Amino acid sequence: MEFPPNLLPDEASPEWMNKADNAWQLTAATLVGLQSIPGLMILYGGMVKKKWAINSAFMALYAFAAVLVCWVGWGFHMAFGENLVEFWGKPTVALDQKFLLSQAFLGYFPNSTMVLFQFVFAAITLVLIAGAVLGRMNFIAWMMFVPLWLTFSYTIAAYSIWCPDGWLAKLGVIDFAGGYVIHVSSGVAGFTAAYWVSAGLLWMGWSGFNGGAPYVAGSDSSLAILNTHVCTATSLITWLILDISFFKRPSIIGAVQGMITGLVCITPAAGVVQCWAAILMGIISGSVPWYTMTVLHHKIKLLRYVDDTFAVFHTHAIAGSLGGILTGFFAVPKLSRLFFLVPDWQKYIGLAYALQTGKSSAGFRQMGVQLAGLGFVICLNIVTTSLICLFIQLIVPLRMSDEELEIGDESVHGEEAYALWDDRERFGNPKNNSIYDVDDFSATMSRTRSHEVQMV
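A. The pattern of salt bridges, seen in detail. In this structure the tally under the stated criterion is two salt bridges. Where E82 meets K90, a salt bridge forms, and the shortest distance between an N and an O atom there is 3.2 Å. Of the charged contacts, one joins E86 and K170 as a salt bridge, the two residues approaching to 3.7 Å between their closest N and O atoms. A residue pair is termed long-range when its members are at least 10 positions apart, and E86 in the loop between β1 (83-85) and β2 (88-89) and K170 in helix α6 (residues 167-171) qualify at 84 residues. Its relative accessible area of 41% is what places E86 among the partly exposed residues.

B. How the structure looks around the side chain of H77. Within the secondary structure, H77 is located in helix α2 (residues 53-80). Using a relative accessible area of 12% as the deciding quantity, one classes H77 as buried. Looking at H77, its side chain comes within polar contact range of the main-chain oxygen of V93, at 3.4 Å. The residues contacting H77, other than those within four sequence positions of it, are E82, G89, K90, T92, V93, A94 and F99.

C. Representation of the side chain of T327 in the model. Residue placement: T327 occurs in helix α13 (residues 312-330). Judged by its relative accessible area of 0%, T327 is buried. Beyond its immediate stretch of four places on either side in the chain, T327 contacts I174, P268, A269, V272 and Q370.

D. Focus on the packing of aromatic side chains. Within this structure, the stated rule accounts for 23 aromatic pairs. With 4.6 Å between their ring centres and 40° between their planes, F191 and F313 make a pair best called tilted. The burial state of F191 is the same as that of F313; both residues are buried. Centroid distance F246 to W290: 5.1 Å. Interplanar angle 45°. Geometry classified as tilted. Taken together, the positions of F246 in helix α9 (residues 219-247) and W290 in helix α11 (residues 275-294) put the pair 44 residues apart, joining distant regions of the chain. When its relative accessible area of 54% is taken as the criterion, F246 is described as exposed. Each member of the aromatic cluster is reached from another via a ring pair, and the members are W71, F76, F80, F99, F105, W149 and Y154.

E. Region of the structure containing the packing of α2 against helix α5 (residues 139-162). Contact pair α2 / α5: the axes reach a minimum separation of 9 Å and the direction vectors enclose 40°. Overall, the two elements α2 and α5 adopt an arrangement that is oblique. In the packing of α2 onto α5, the handedness of the crossing is right-handed. In terms of residue class, the contact of α2 with α5 is made up of 22 nonpolar, four polar and no charged.

F. Region of the structure containing a nonpolar patch on the surface. Together, Y195, I300, L302 and Y305 give the surface a local cluster of nonpolar side chains, amounting to about 360 Å² of exposed area. Its location among the elements puts I300 in the loop between α11 and α12 (301-305).

G. Seen up close, α11. Here α11 spans 29 Å end to end across 20 residues, near enough to the 28 Å set by a 1.5 Å rise per residue. Where the residues of α11 are buried, they touch α9, α10 (252-266) and α13.

H. Representation of the packing of α5 against helix α16 (residues 360-393) in the model. Orientation of α5 relative to α16, taken along the N-to-C sense of each, is 155°, at an axis distance of 10 Å. In terms of orientation, α5 lies roughly antiparallel with respect to α16. Along this stretch, α5 crosses α16, giving a crossing that reads as right-handed. Contacts from A141, M144, F145, L148, W149, F152, S153, I156, A157, S160 and I161 in α5 reach F376, V377, L380, N381, T384, T385, I388, C389, F391 and I392 in α16. Grouping the constituent residues of the contact of α5 with α16 by class yields 16 nonpolar, five polar and no charged.

I. Inspection of the environment of W239 at higher detail. Secondary-structure assignment places W239 in helix α9. A residue is classified by how much of its surface remains accessible, and W239, at 2% relative accessible area, is buried. As a C-alpha pair, W239 and Q257 span 18 residues in sequence and 7.9 Å in three-dimensional space.

Rules behind the numbers
- Residues numbered from 1 in each chain as written.
- Predicted model: local features only at pLDDT ≥ 70, side-chain atom pairs only at ≥ 80, totals over all residues.
- Heavy atoms only, no water.
- Salt bridge = Lys/Arg side-chain N within 4 Å of Asp/Glu carboxyl O.
- Helix = DSSP H or I, 4+ residues; strand = E, 2+ residues; numbered from the N terminus.
- Buried < 20%, exposed > 50% of the residue type's maximum accessible area, 1.4 Å probe, protein only.
- Polar contact = N/O pair within 3.5 Å; in protein donor to acceptor, adjacent residues only side chain to side chain.
- Contact = heavy atoms within 4.5 Å.
- Phe/Tyr/Trp six-rings, centres within 6.5 Å; stacked < 30°, edge-to-face > 60°.
- Axes fitted to C-alpha atoms, helices over the stretch in contact; angles between N-to-C directions.
- Parallel < 35°, antiparallel > 145°, perpendicular 65-115°, else oblique.
- Left-handed = near helix turned anticlockwise from the far one by under 90°.
- Nonpolar A, V, L, I, M, F, W, Y, C, P; charged D, E, K, R; others polar.
- Patch = residues over 30% accessible without salt bridge, like charges linked within 9 Å, V, L, I, M, F, W, Y side chains within 5 Å.
- Areas by Shrake-Rupley, 256 points an atom, 1.4 Å probe, with all protein chains shown as cover.
- Expected span 1.5 Å × (residues − 1).

Next up, the structure:
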């Protein structure tokens, strides 16, 4: 039987490449990228005070761009390349066409697709960290922080857990799509950075986040996407019910927080648990972070002291930790086999199924590995983030000046958000980024008392 002409291999479509898998992986990468730009840019800019709208969006935009340059320069190989030590790869560029067009270490698509897919994961981690220091951290300090943290923290966690040669990967830690590598890392790093500084798109984009993790357009991807949405919806409703029960009113910000904790919690488990387990995880992710954010936050001195702008510690560190632990409890051996596709798949068994099948020792081992992975990521990010912040502090101030904190975007960037729609705004040529050249277009606009716009 002959293949149709469009399926025949050629130089641009070699025999080892699966066109459908490659197309899905590029789609998944695009969806994850949209979560950052413009997803989180819009979320941050819409939730902060007006005076921080530009700063918050700019921090996210810069992080996305800077991570890509670092990723192809050295980051990808440090996270997924040739072994340097048990937790780190050798720093090498990912720019040569021979490497980019050859088959990736996993999946049936080229390295260029893998580099792109893993880049958007790395980028969103830094964008999430930004949520903890928006309107607080000196922008120059943020420009230094991004490449340093990517190099000395993210690549270590990614190599240890996701690279087949990583020490935690060899132990059998389950992190389906980044509960530890992305969310616990960003939550702990963001909280740690905030400590030192203190002295729509998002939901749908997660289909690429978790659905792309298996590297194939298969049944496991379908289950991962369904579980993602089921857990997220359950978490959002749980958070909403708690808000109404205790505060007597529904909160859109609370609903968004519940959505995020659900997305984060299911991430390490998306394709290895059953749908009923996703519902239980949604109930837990909608209630435990709610309690830590609304109750414990006001009782624990350290949590009160740290100026965590968007409560990233609760929505990502707490929810990601819950997800990793619950993965060790609910993971189904058959689903783990579909995801890992390795001969020793039997070791990936959740404690609940291990107790049911008389393999309790294997189940307790898996829980131990999950806890070990969690402890490693937490310690790694506390230490590396602290050292990076202390190093940056030697060069530039970490925190904005009191004047910048008081005035906001206009002081930091010389620009102001939504200026065209402010009734009290006098439209002159701004300090920076004017759409008109001062010499060529000297007229300014102002609003008259009758709110009619005229040239003056």
